[in-house]
Each structure stands twice: as structure tokens, then as C-alpha cells.
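# Residue-level structure breakdown
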Amino acid sequence: MELGGVGLSTYVTKFGSLLDYEKGGVEAIDDDPRHYAFSNLFEVAAGSKPWEKVVVGKNQQYVLEVIRADGTSEWRTCAHDEFALVMDGVVEIDLVALDEAIVPSDKAGSVALGGEPAGRPAGRIVARRGHMALLPANAAYRLRADEPACILLQTIFGEDTVERWSEICQTV
Amino acid sequence: MTDTAMTEVLAGEPNHHGYRTFQLGEFAFERDEYFAYVRWPTGTHTMSVDAFLRAAQRDVAWNFFYGTVNFDNVVGTVNHYGNVDLFAGSFNEAYRKAELDHLENFPHEQILGTFRSMLDDWTNEGFDPFAAPEETRTAWGDKSGNNTEAITRRRVTASRMVGVPGDEPIRTDETHPVNRMFADVDQSQPEIYAEPGFEDQVCAFNLFGYLSRSDVTWNPSIVSVCKDSLYCPTTEEYILPIIHGNDRVEWFVQLSDQIEWEVADKVTGKLRARVTMKAGDVAAMPADIRHQGYSPKRSMLLVWENGSAELPELIATGKAPTYPVDI
């Protein structure tokens, strides 16, 4: 007996992109749709400035930030690990091992360096849709995208985190 | 974690279908060819045995997860992280009104040991409770072998990120062939150019490719960790075998395809909303609801959890809201 895959169906996996996405929604029966903070990350990125860090998920101090990657970012660093998941496009990541940590160990979220990092090149990553990259604690990183791309960042609410829930979420 | 093999499991001799009957406090569990029967002092409940085993499999694999794992609208567990409630009718308005509900609390190891033994005894050769219905044989019939290997799969729990040296490995054809519904998913890995000495810092992997090789459904596993922020992606097909009652806000990011969520009140079970999520959609599940998902094609779902041990108490005492943000 064969299990699975025997039949008439052919399967197409549907991913979204900045230029091609469909949005679902909340059908409220006995609730307020705002309680679900429903948004679409491609829609958020499409309406964001390059490298703006817009929250689409928040759980206490932890956040999911959507970043429209377009051109070359500033150098940033963070006291804790962050993780960048490329949801659309191609993103290059340059990493530098800093000579010394720049942010206090209890600082949440990343900060801009305001210039070139002082340290040794640690490496480079070229990530495409579906690829997840570690942005290691206390390293400096710079991102580049020749064409608009979309990143979902796992991090902690920081000084450059942007909240605009009423603009991005379903409210009725 | 305590070795559950050391805990006492109360099991009777095999019945005439070959299955043992299990006792846990005043609860009794029995199965025959088609059904699982749960009995308690004020009532009994019958479930299709495939649904029961699929639910029990998640409960065991997740160590009772976050909050409530409803096997259906009558029977389930509530995790208190160290001890666990087993209940019948406690989150069902009709049962409570009729005073037929029943709840007992057990040490984590005791209920885990009993559930593991029951799952092992009741799962026949060829039936995989983790698999999509199209990808497994059936649960029916008299006792016929076992499938211990399938039901004791190790749950992936990365400590930093999958693919980091010394952490959880990426999946390959040798260990995890691509699922039939994800044959079109790109399998290329990121280009990584690490300078000597920085191989454990310059790391990346193909998460979508990794998920396309998952051999289980509805089984969140941890792929990246930012303190208590846990990325727990999973692949979904058919129906979530449990109805999850949250004890904290939980977030979903639909990475591919589509899932429909039926959302009901955690305590009463009354419907509150239906949430349709397509690729790129992000939604929170409030802390006072129960939810069950329907995925017509195998899909990729990022479940995002805050694993803080303090959250359930903060929410239960009203110090943290049940919904994610003020809009």
C-alpha cells in the first residue's frame, strides 16, 4: 500500500512576496478583531521606509520586526542574538567582530553604530527567501539588498523599533 | 527531567482486543477497535481512537505544552509546569452546569508516564499519530504490534539556532526527505563566507527547506532562541489534533499556504472568531481563547512563543493583558 502522493493532485507551495501576496483576515463572531493584531508582513514592508523596523508581533519585551531591505543599511550592533529571516528577495549580510562590545549587556534591541565598526571582518552571508541568518550578539552587522527585499527579525524592543499598530492591523 | 520510567503506571491486563486499560487517579482509559473510552466518577466519554492518539501524542511530545490541551470539547489537560490537571468537562459549560465535570491534579512525571505507556500500548504498527492522515496507516483494529519509534521521536529544541555548530543539525535527504507537498520548495542553502575562527558566528540555514523536510504535522519545534523568545515553526496538514487553550498570548506567522483557525472562548468553548491566514499574515492568539487550525494543503506556520515562566501568573492575576497590544 502506497501512502500519500498517489492521486491526481499536484502541489504548489504558495509563498508571498512584496509584489504578490494575498491577505486573509479576522471574521469576528463574538470578539474584537483588534485583539488579534492581524497584519500582513509584505503589506507592512511595502509601506515602510528602507530599513525601518516596524513591529508586527509583540510579546512583552520581545518583538517581531519587519524590515524593508532596500539599498545598504547602517552598521548596527546588539547585546543579544538576533535572527533575520528573509521573506522575499536577496539580502547580503556583512559581519564584523568588534574589538570590544559597544552596548551594555542588558541593553535590549540593536543600536546604530554611527560609523564604521572597529574590529575584524568575521564573514559574509548571502541569504535568499526562506533563509534564516544569525546576527550574533556584540558583532556589528550591515545589510544590503540590490532590489527591495523583506526581512522578519526576531529581536527585543529597542530604541529604533517602530510601532504603528492602528495603521497595519485589521481594526474592524 | 525526572525519569518517567521510575513512576508508577497503573495498567490492567490486556482486554479481549489486546489493549491494556489504564488508571490515573479516578480516571480510567480503555480502547477497543475503534474507540477510546474515558471514565470518571460522574461520567464517561468516547472518542474515535485515532483522534485520541493524535491528541495524546502532542500532549506527551510537548510535555503538556503551554496552557490547556483539549483533546476535544470534553477531555484534556492543563499544564501548571511541574504538575498537570487532567479534566473531563471542566471547560464545557453543559458539563459544569450539570455538575458532571471532574478534575484531578497529578505530578508531571505521573501523568506523563501513564500517557506515554498508554500511547505506546494503544498505537499499532504502521499508525503514526504525528503523520498526516494521507501518510499513515490506520489506528483501527485489535492490537497489532507497536510503533514506538514513531511516537518517541525527539523534539527539535535548538539552544541558539539550527545549523550553528554544536546545535541542532540541518535536515538532509538521508534523514528527512522532502515532503510530497513541498517538492517545489527551493533547497539551496545560504552562501556563507566565514573568516577562519568565526565559523560558529557566521551561520545561516534554509528554514523553508528545513520545514519542507519535516516528517511530522502540528508539532512546533524550536529553531532559534532570543532569550525567552522562541521560534517554533511547524508544518500543518489536515486538522490540529488538539484544541489549544492559551495561558499566554501566542503569535502565528503564516510562512506558506493557508490555515483557517476556529477561535473559541477558553472557558466556555463559545465561538469568538474565525481567522484566515495566508502567506505573510501575522496574527496573535489572545491568552483567553482556545483555537484549532485547518490546513487543506501542508503549510508552514511559524509559531512564536514567549517562554517566560512568569507569564501565566501575570495574565491570570490581571497584571498582563490577555490580548497582545492596544490598538
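Residues numbered from 1 in each chain as written. Chains lettered and ligands numbered in written order. Predicted model: local features only at pLDDT ≥ 70, side-chain atom pairs only at ≥ 80, totals over all residues. Heavy atoms only, no water.

### Re the domain arrangement of chain B
Residue and element names in this part refer to chain B. The domain architecture assigned to chain B consists of domain 1 (4-151) and domain 2 (180-215 + 217-316). Spacing between the C-alpha centres of domain 1 and domain 2 amounts to 25 Å. Here domain 1 is connected to domain 2 by 3 salt bridges. The closest approach of N and O atoms between Arg298 and Glu135, which form a salt bridge, is 3.3 Å. Broken down by secondary-structure element, the contributors of at least two residues to the side of domain 1 that touches domain 2 are helix H1 (49-61), strand S6 (68-70) and helix H2 (93-97). (Domains from an automatic or database assignment. Salt bridge = Lys/Arg side-chain N within 4 Å of Asp/Glu carboxyl O. Helix = DSSP H or I, 4+ residues; strand = E, 2+ residues; numbered from the N terminus.)

### What to know about the nonpolar core
Phe29(B), Phe52(B), Phe115(B), Trp122(B), Trp261(B) and Val275(B) are the most contacted members of the largest nonpolar core, which totals 59 residues. When we break this core down by domain, the ones giving at least three residues each are domain 1 (4-151) and domain 2 (180-215 + 217-316) of chain B. What Phe29(B) contacts, discounting residues up to four positions off in sequence, is Arg20(B), Thr21(B), Phe22(B), Leu24(B), Tyr37(B), Val38(B), Phe52(B), Leu86(B), Phe115(B), Met118(B) and Trp122(B). Listed in part, the 54 residues of the second largest apolar core include Ala37(A), Val55(A), Cys226(B) and Leu302(B). (Core = buried A, V, L, I, M, F, W, Y, C linked by side-chain atoms within 4.5 Å. Buried < 20%, exposed > 50% of the residue type's maximum accessible area, 1.4 Å probe, protein only. Contact = heavy atoms within 4.5 Å.)

### A look at unusual backbone geometry
With a phi close to 70°, Trp51(A) is a non-glycine residue in the positive phi region. For Trp51(A), a relative accessible area of 19% translates into the label buried. If you check the backbone angles, Phe64(B) has positive phi at about 75° while not being a glycine. Considering the arrangement of structural elements, one finds Phe64(B) in the loop between H1 and S6. For Phe64(B), a relative accessible area of 0% puts it in the buried group.

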